[in-house]
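Chain and residue survey
Below are the chains, spelled out letter by letter.
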Amino acid sequence: MIGIWDILDVALFAAMIRMATPLVLAATGGVITERSGVINIGLEGMMMLGALFGVLTSYWTGCPWLGVIAAMVVGGLAAAIHALVVIRFNANHIVSGLGINFIALGLAPFLSEVIWGSRGHSDIVTGLPRWEIPLIKEIPVIGEILGPHSPTVFMILAIVIIANIVLFKTKWGLRITAVGEFAKAAATAGIPVQRTRYICVIISGILAGLAGVHMSLGHLSMFTWGMIGGRGFIALAVMISGNWRPYRVLAIGMVFGFADALQIRLQGLGVPVHFMQMIPFLVTIAVLAGVMGRSRPPADIGKNYEP
Amino acid sequence: MRQITKDFPGVRANDAVDFKVAQGEIHGLLGENGAGKSVLMGILYGLYQPTSGEIFIHGRAVAIRSPAEAIALKIGMVHQHFMLISNMTVAENIVLGFEPDGYFWNRKEIAQRVAQFAAEAKLPINPEETVGQLSVGAQQRVEILKVLYRQAQILILDEPTAVLTPQETEALFRAMRALRDQGKTIIFIAHKLKEVLSICDRITVLCRGKLVGTEDAGATDESKLAEMMVGTKVVPATRIGEATIGDRVLEVKDLTADGERGERALEGLSFELRAGEILGIAGVEGNGQTELVEVLTGLRRPTGGKVFLSEADLSGITPRTALDYGIRHIPEDKRKRGIIPGFSVKENLILGDHCRPPFKGRFSWLMERVIRRFADKRIEEFQIQTPSRDTPIDSLSGGNQQRLIVGRVYGHQKRPTLLIAAQPTCGLDVQATRYVRQKLIELSDQGAAVLLVSADLDEVMAISDRILVIHNGRLHEASKRPSRQELGLLMIGGREDE
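Residues numbered from 1 in each chain as written. Chains lettered and ligands numbered in written order. Predicted model: local features only at pLDDT ≥ 70, side-chain atom pairs only at ≥ 80, totals over all residues. Heavy atoms only, no water.

Considering the overall build of chain A
Put simply, the rule reads: Strands are runs of DSSP state E lasting at least two residues, helices are runs of H or I lasting at least four, and both sets are numbered from the N terminus onward. Put simply, the radius of gyration uses C-alpha atoms, and a globule should come to 2.2 Å times the residue count raised to 0.38. We call two residues in contact when some of their heavy atoms are within 4.5 Å. For the accessible areas, the method is Shrake-Rupley and the probe is 1.4 Å, while residue cover comes only from the protein chains on display. Counted charges follow a simple rule, with Lys and Arg positive, Asp and Glu negative, and His plus the chain ends left uncounted. In this description, the location of a charge corresponds to atom NZ of lysine, CZ of arginine, CG of aspartate or CD of glutamate.
Tallying secondary structure elements over chain A gives 14 helices and zero strands in all. In chain A, the succession of α and β elements from N to C terminus is α-α-α-α-α-α-α-α-α-α-α-α-α-α. Computed over C-alpha atoms, the radius of gyration of chain A comes to 19 Å, within 12% of the 19 Å expected from 2.2 N^0.38 for 307 residues, which places it in the range of a compact globule. Seen through its principal axes, chain A has C-alpha atoms that stretch 65 × 45 × 40 Å. Considering only contacts within chain A whose residues lie at least 6 apart along the sequence, 77% involve residues at least 24 apart. Surface summary for chain A: the accessible area is close to 13,100 Å², and the carbon and sulfur share equals 71%. Looking at chain A, you have 19 positive and 13 negative side-chain charges, and the mean spots of the two groups are 14 Å apart.

A closer look at the nonpolar core
Inclusion rule: To qualify as a nonpolar core, a set must consist of buried Ala, Val, Leu, Ile, Met, Phe, Trp, Tyr and Cys residues joined through side-chain atoms within 4.5 Å. Buried, partly exposed and exposed residues are distinguished by accessible area as a fraction of the type maximum, computed with a 1.4 Å probe on protein chains only: under 20%, between the cut-offs, and over 50%, respectively.
Among the nonpolar cores identified, the biggest contains 65 residues, and L30, I144, L155, M176, F188 and I203 of chain B are the most heavily contacted of them. Tallying contributions element by element places helix α5 (residues 136-149) of chain B first for this core, with seven residues. When neighbours within four sequence positions are excluded, I203 of chain B is seen to be in contact with H27, G28, L30, V196, L197, G213, T214, E215, A217 and L225 of chain B. In this structure, A71, I176, C200 and L207 of chain A belong to the second largest nonpolar core, which totals 64 residues.

Brief notes about the confidence of the model for chain A
The line we're drawing: The predictor's confidence in any single residue is recorded as pLDDT, a number from 0 to 100.
Chain-level pLDDT for chain A is 89 on average; 96% of the residues reach the 70-or-more range. When mean pLDDT is compared element by element in chain A, helix α4 (residues 64-88) of chain A scores highest at 95, while helix α1 (residues 4-7) of chain A scores lowest at 70.

Notes on the pairing of strand β3 (residues 26-30) of chain B
All names here are of chain B. To keep it simple, the criterion reads: For two strands to be treated as a pair, DSSP must find at least two bridges joining them.
Across the five residues of β3, five count as buried, placing the element largely inside the fold. Of the two faces of β3, the one holding I26, G28 and L30 and the one holding H27 and L29 are both buried throughout. In the sheet, β3 pairs with strand β8 (residues 185-190) via five bridges, with the strands oriented parallel. Note on β8: the bridge partner recorded for L29 is I189. Relative to strand β9 (residues 202-207), β3 is paired through four bridges, and the arrangement is parallel. Its bridge partner being in β9, L29 is matched across the sheet by T204.

Examining the domain arrangement of chain B
All names here are of chain B. Rules: The start and end points of each domain follow an automatic or database-based domain assignment. For any pair of parts, buried area is found by adding up, for both, the accessible area (1.4 Å probe) each one loses once the two are put together. Only one rule defines a salt bridge in this text: a Lys or Arg side-chain nitrogen within 4 Å of an Asp or Glu carboxyl oxygen. By the criterion applied in these results, polar contacts are pairs of N or O atoms within 3.5 Å in which, for protein atoms, one can donate a hydrogen and the other can accept it, and in which residues neighboring in sequence qualify only through two side-chain atoms. Classification convention: Asp, Glu, Lys, Arg as charged; Ala, Val, Leu, Ile, Met, Phe, Trp, Tyr, Cys, Pro as nonpolar; all other residues, Gly among them, as polar.
Entries for chain B in the domain assignment read domain 1 (2-230) and domain 2 (248-491). The distance between the C-alpha centroids of domain 1 and domain 2 comes to 33 Å. Across the contact, nine residues belong to domain 1 and nine residues belong to domain 2. For the pairing of domain 1 and domain 2, the buried interface totals around 890 Å² over both sides, and the portion due to carbon and sulfur atoms is 53%. On the domain 1 side of the interface with domain 2, the three residues burying the most area are E32, N33 and H191, jointly 42% of the side's total. Inspection of the domain 1/domain 2 interface yields one salt bridge. Close ionic contact of D458 with K194 constitutes a salt bridge, the shortest N to O distance being 3.9 Å. Inspection of the region where domain 1 meets domain 2 yields zero residue pairs in polar contact (both at pLDDT 80 or more). Among the residues forming the side of domain 1 that touches domain 2, the class breakdown is three nonpolar, four polar and two charged.

As for the sheet that holds strand β13 (residues 278-282) of chain B
All names here are of chain B. The line we're drawing: In this analysis, axes come from line fits to C-alpha atoms, helices being fitted only over the stretch in contact, and the angle between any two N-to-C directions falls in the range 0 to 180 degrees.
Strand order in the open sheet formed by six strands is β16-β17-β18-β13-β19-β20, and the pairing between neighbours is mixed. Of all the strands in the sheet, the pair left with one neighbour each is β16 (327-330) and β20 (474-477). On average, each strand axis in the sheet is inclined to that of its neighbour by 20 degrees, with strand direction left out of account. Across four bridges, β16 lies against strand β17 (residues 418-422) in parallel orientation. Bridging across to β17, I327 finds its partner in L418. Contacting β16 and β17, helix α14 (residues 398-409) runs over the sheet at an angle of about 175 degrees to β16.

Concerning the pattern of salt bridges
Residues and elements named next belong to chain B. Enumeration according to the criterion identifies 38 salt bridges over all chains in this entry. A salt bridge links D324 to R356, with the shortest nitrogen-to-oxygen separation between them at 2.3 Å. Here the residue D324 occupies a position in helix α10 (residues 319-324), and R356 occupies one in the loop between α12 (345-350) and α13 (368-381), the gap between them amounting to 32 residues. For K346, the salt bridge is made with D390, and the minimal N-O distance between the two is 3.2 Å. Note that K346 is positioned in helix α12 and D390 in the loop between α13 and α14, a separation of 44 residues in sequence. Each of the salt bridges in this network shares a partner with another, and the network as a whole consists of R248, E251, K253, E272, R274 and E311.

Some points on the packing of helix α4 (residues 107-120) of chain B against α5 of chain B
Residues and elements named next belong to chain B. What counts is decided by this rule: What sets the label is the angle itself: under 35 degrees gives roughly parallel, over 145 gives roughly antiparallel, 65 to 115 gives roughly perpendicular, and the rest give oblique.
Remark: α4 packs on α5, axes separated minimally by 11 Å, with the N-to-C direction vectors making an angle of 95 degrees. By the criterion of interaxial angle, the relationship of α4 to α5 is roughly perpendicular. Contact residues: R113, F117 and A118 in α4; L145, L148 and Y149 in α5. Grouping the constituent residues of the contact of α4 with α5 by class yields five nonpolar, no polar and one charged.

Notes on the interface of chain A and chain B
With 20 residues of chain A at the contact, the number on the chain B side is 25 residues. Taken together, the two surfaces of chain A and chain B that pack against each other cover about 1,800 Å², and 68% of this comes from carbon and sulfur. When the buried area of chain A at its contact with chain B is split by residue, K171, L174 and T188 of chain A rank highest and sum to 34% of it. A salt bridge links R175 of chain A to E99 of chain B; the shortest N-O distance between them is 2.5 Å.

Regarding helix α2 (residues 10-35) of chain A
Residues and elements named next belong to chain A. We apply this condition: The span one expects for a helix is its residue count, reduced by one, times 1.5 Å.
Taking 1.5 Å per residue as the helical rise, α2 with its 26 residues ought to reach 38 Å, and the 36 Å between its terminal C-alpha atoms agrees with that figure. Burial analysis of α2 places 22 of its 26 residues in the buried class, which makes it a mostly covered element. Once α2 finishes, G37 follows within two positions and takes phi at roughly 100 degrees, a positive value.

Some points on a nonpolar patch on the surface
The criterion, for reference: Surface patches are drawn from residues lacking salt bridges whose relative accessible area is over 30%; two like charges belong together within 9 Å, two nonpolar side chains (Val, Leu, Ile, Met, Phe, Trp, Tyr) within 5 Å.
Among the surface-exposed residues, L157, I161, I165, W172 and Y247 of chain A together with Y103 and F104 of chain B lie close enough to one another that they form a single nonpolar patch of about 750 Å² accessible area. The biggest single contributor to the nonpolar patch is helix α7 (residues 151-169) of chain A, with three residues. Mapped onto the elements of the fold, Y247 of chain A is located in helix α12 (residues 246-267).

Quick notes on the side chain of E251 of chain B
Residue and element names in this part refer to chain B. Within the element layout of this structure, E251 appears in strand β11 (residues 248-258). Among the polar contacts listed, one links the side chain of E251 to the side chain of R248, at a separation of 3.2 Å. Residue contacts for E251: discarding those within four places in its chain leaves F271, E272, K306, V307 and F308.

Quick notes on the environment of K146 of chain B
Structurally, K146 of chain B can be placed in helix α5. In this structure K146 of chain B comes out as buried when scored by relative accessible area, which is 6%. For the pair formed by K146 of chain B and G76 of chain B, sequence separation is 70 residues and the distance between their alpha carbons is 8.7 Å. Here K146 of chain B is in contact with A185 and A189 of chain A together with M83, L84, N93 and I94 of chain B, once residues within four sequence places are set aside.

Brief notes about the sheet that holds strand β15 (residues 312-313) of chain B
Residues and elements named next belong to chain B. Taken in spatial order, the four strands of this open sheet run β12-β11-β14-β15, and their pairing is antiparallel. Strands with a single pairing partner mark the edges of an open sheet, and in this sheet they are β12 (264-274) and β15. Pairing between β11 and β12: eight bridges, direction antiparallel. Looking across to β12, one finds that L255 is bridged to L269. The sheet contacts of helix α9 (residues 289-296) involve β11, β12 and β14 (304-309), and relative to β12 the element is tilted by about 60 degrees.

A few points about the side chain of E34 of chain A
All names here are of chain A. Here E34 shows up in helix α2. Salt bridges are absent for the buried E34, whose nearest opposite-charge side chain, R35, sits at 9.3 Å. A distance of 2.9 Å separates polar atoms of two side chains, one belonging to E34 and the other to W244. In this structure E34 touches I39, N40, M239, W244, P298 and I301, once residues within four positions along its chain are discounted.

Below, the structure is given as structure tokens:
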């Protein structure tokens, strides 16, 4: 018989943080792009490309840090394509985002097959190191939960804080919000709407790429085809229930991370896998159905602006 | 601005227009809807690029490629539809895009700075308030402050009075005069002649994209300007002869209803309306007229009281039943309730009647041929300017959309028993306004009871047989031939004898 404390142990909470990391990273990217008025449902695809190219770079160079940079660059490039299609050519944001997802979905097994001879997974490559925080690691329980982790885990705190400061304490944040709320008003106030949006969309891609490489190099040290597994979409749910605010995104990301960690843990205990895999999505539906209270999206979201 | 020409696909919006404004004057720019006023000013503000022509400021040729460049040249524009972000504060809106130096955003310091600036400009405002919660007049003040904060010397005001109450308009005019006395130049785009004459020093008139002429305000009058605007003499719409008042059509008894936020909007209204009568309801917007119209057309449930239409109890009906009883509606918000923007002219013309024969045939088929014939007939009768009956209604001008709505309320075979016209000429130019009013009179002559709800006092006074004033959800009867003075007092809740 398995007791509840066999499940709710320290390792589970460590896993919660690990699983929350990609969600928080991608969702923070989502917050930035959506606050500027551009929907990015291509986060899933950008994460997948980030995961793949991170592994690929580490495979070629042996340096996982170059892999991280490559993942961010590729995520940013994919986002730049989305931005170009949406901002320059006025395409529908959802359709363009879906396109990015399908490109990633096709490109990943193709490159994997060509390079490693298997469309399902890559070879094992050098992953990111595991870090521990000195002093804190000595504290019982907390020390075990907070480390050792991949460096990407520690980045989320800094990224969330920076995102919050930029969005709410600087004039750029004010301008981004203005562009997303009422693009025409921002334009008549002399703000370059399109440039602002390009920058925000590309930043969201960079963060999604980082989220992806956390899944591959920071976690498994390899790329497998289903490894993103809808987390890009869950990140969107985190963003919405986080009311487009970085700190709330961090908190809600942890809730989802917990659901994800629990799901993996219960798999290991012989509960039917497919049933357990539904847990994060059930949480998503519950959260979106209003458990977290109502949230209000930026007013001009998804609307193209033609000067 | 010299020889400005601007072509849009299929239309020449400005045709070799010469437009000169002197420093320190209030210059009226007058013209019908679609005469090219807004486009001309859009070019000056960098929103559009002219197809040809040049702009000179203080004698120096300039190219203005974006609003940012216009701002740099000290040109500011207050748009007809406010360019304000409603969930940001007043201070944030004012400094947006023109923030003080430094990386970080100090809310308090900026609020202080804005408060001081507003006080100096003699347009005081609370900088911490959220813009969405301000009245329309206050929002406009924010817009003007925003422009002044960018150190504009030339201010373009695009139909600023269209959304204001008479009191707010007076306040705006005082502010405009004060600005002129500080040496600022103001271009005032308008189509209400009275206002232009009362505030402007000089007036330029455009007609169909061409310059008609520039006049000194002291040396011209309303009829002359109207003639310049339209190209022909305009006779205002009035009823010829006496109205023939018939039986009671509508009776409203102690009607109460709640507003959008659950507040009490109607505080027990009672009135009646007879066949062939035009009853004008005047009042400052937001005093319950919207709710009254919604209750009568079945869009809002009353909380108490009764509505009778020729003895039938219609309290709390649905819009569909309202239509069945011959209640027709010219809605206040055209885009939201008057038309379906994505639908064609033809489809919009049969909305509400689409579910009735002859448009609906057996098995609920739409009778395409009948509909087409009907649409073509209406387009001709009501002079709706449209390339075809299948054109999407979005591409029609506001005036033509309103003609379509009026054409629709005429009904297919049966004339309406009760017509509820809410702000029917809001935003329309002289000719379209005259047309719509004429049609309202025509309908009442044919025996319809017309309830005219309008914030435009001149309109209410021009065509109503009887006038009620609504204030805070209550109705007050005006005298038989009320003066503007009397109505104005009633509108703000006072009485002549007080």
